[in-house]
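Residue strings, one per chain:
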Amino acid sequence: MAIVSGKLGVDGLSEAVGVLREWQNDGAPMQLHPGDLGWFWRSGAEATAAAVRTWSRDGQILAVGLLDGPGLLRLTIAPDAQRDEELAQRLLEDVTEPECGVLPEGRVNIEAPMGALVQDLLFEDGWNADEPWAPLRRDLTDPVKDPGVRIELVGPERAHVFAAVHRAAFVGSGFTAERWHAMAAGLPYADARCPVARDDQGNAVAAVTVWSAGPGRPGLLEPMGVHREHRRHGYGEAITVAAAAALQELGSSSAVVCTPSSHAGAVATYKSAGFQQGPEIRDRYREAQDV
Ligand SMILES: CC(C)(COP(=O)(O)OP(=O)(O)OC[C@H]1O[C@@H](n2cnc3c(N)ncnc32)[C@H](O)[C@@H]1OP(=O)(O)O)[C@@H](O)C(=O)NCCC(=O)NCCS
């Protein structure tokens, strides 16, 4: 059977979210998580459907891609199809041929599971390895300690609180309460929580969104940030511990996150909250002039 690739449409997104949940596994290298689609959903269901691609054989999805910004394709592959030759060849063709419309011309980055055959094919095709990213994981078997600050789980009426912290934490963030509502209307948000930390004066100082992939599977932190006027007071550690506790309550086996290895503050924050750093991950990239 040939590989069929394409878009799913809004109604088909539940199928993509479903396979991404199934593919999460503590033993596997970190890969695209249902929470990544959940966070993208802040732009709306139509935009999410337009950004998701699937590759199937015989009606079964073998790979899911998320066009997570201009020139960035985040790809993940079913655990038993990571070394599937036909699939890897087709993925390479689809990302190399501009007429396939998967990626624009110009600088293109592809994130794919480390160890997948498509990584080898991209390498042989002359794609370079980009800057290293650090995957970090915290096991959730043992009870998570109290974060030591006041934590509020934000719901629809307090969406503006989460949005304000996000804007104060991330340079260039245009996050709004409307975007929070769009995100919360998405399928993956049924298994998500938004803890916000407050200081002694009651100011909202840090926020995170956590995404469960179902009981016994890794849950994702995306995004996590501390208000720029409240940094270096332990709130980054506290909100990350609160994130781990929220995921534990949702039944996750571990909490996972990925950040650029060069982002010393984030790596130190996750480690101080009990996360351990795994083997580095690198995108493959190609410049327009290499085509
Ligand atoms: C990264 C960030 C969350 C840290 O928050 P914070 O409240 O300042 O962190 P904390 O005070 O809890 O510090 C936790 C640890 O990180 C270290 N740390 C914090 N910022 C650091 C920096 N810029 N450089 C080096 N280490 C840093 C602290 O020394 C502390 O280490 P220790 O436990 O070994 O003493 C914050 O700078 C931020 O929100 N940045 C922008 C958003 C972002 O990048 N989020 C992460 C994306 S994955």
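From a predicted model like this one, the values you see are computed outputs, not experimental measurements.

Draft legend 1. Region of interest: the side chain of Arg 138. Following the sequence through the fold, Arg 138 ends up in strand β6 (residues 128-139). In terms of polar contacts, Arg 138 uses its side chain to reach the backbone carbonyl oxygen of Ala 273, at 2.9 Å. Beyond its immediate sequence surroundings of up to four residues, Arg 138 is in contact with Pro 143, Val 144, Ala 244, Ser 254, Ala 255, Ala 273, Gly 274 and Phe 275.

Draft legend 2. Local environment of the domain arrangement of the chain. Its domain assignment divides the chain into domain 1 (3-132 + 282-290) and domain 2 (138-277). On a C-alpha basis, the centroid separation for the pair domain 1 and domain 2 is 25 Å. On the domain 2 side, the residues contacting the 21 residues of domain 1 number 27 residues. Its largest share of buried area at the contact with domain 2, domain 1 owes to Arg 21, Met 30 and Trp 39, together 34% of the area lost on that side. Counting across the interface, domain 1 meets domain 2 through one salt bridge. As a salt-bridge pair, Asp 191 and Arg 21 come within 2.5 Å of each other at their nearest N and O atoms. If you look at where domain 1 meets domain 2, you find six residue pairs in polar contact (both at pLDDT 80 or more).

Draft legend 3. Quick peek at the site of the ligand. Taken together, the neighbourhood of the ligand is formed by 20 residues, with Met 224, Val 226, Arg 232, Gly 234 and His 263 sitting nearest. A distance of 2.8 Å separates an oxygen atom of the ligand from a polar backbone atom of Gly 234. One nitrogen or oxygen atom from the main chain of Gly 236 is found 2.9 Å from an oxygen atom belonging to the ligand. Against a free-state accessible area of 920 Å², the protein chains account for coverage of 70% of the ligand. Breaking the shell around the ligand down by element, the ones donating at least two residues are β11 (218-226), α8 (235-249) and α9 (264-272). At six residues, the largest contribution of residues to the shell around the ligand is made by α9. When grouped by side-chain class, the residues that make up the shell around the ligand number eight nonpolar, nine polar and three charged.

Draft legend 4. Representation of the environment of Ala 182 in the model. Examined against the element boundaries, Ala 182 turns out to sit in helix α7 (residues 177-184). According to the relative accessible area criterion, Ala 182 is partly exposed, its value standing at 22%. When the C-alpha atoms of Ala 182 and Gln 277 are compared, they prove to be 32 Å apart, with 95 residues separating the residues in sequence.

Basis of the calculations
Residues numbered from 1 in each chain as written. Predicted model: local features only at pLDDT ≥ 70, side-chain atom pairs only at ≥ 80, totals over all residues. Heavy atoms only, no water. Helix = DSSP H or I, 4+ residues; strand = E, 2+ residues; numbered from the N terminus. Polar contact = N/O pair within 3.5 Å; in protein donor to acceptor, adjacent residues only side chain to side chain. Contact = heavy atoms within 4.5 Å. Domains from an automatic or database assignment. Buried area = accessible area lost by both parts, 1.4 Å probe. Salt bridge = Lys/Arg side-chain N within 4 Å of Asp/Glu carboxyl O. Near = heavy atom within 4 Å. Areas by Shrake-Rupley, 256 points an atom, 1.4 Å probe, with all protein chains shown as cover. Nonpolar A, V, L, I, M, F, W, Y, C, P; charged D, E, K, R; others polar. Buried < 20%, exposed > 50% of the residue type's maximum accessible area, 1.4 Å probe, protein only.

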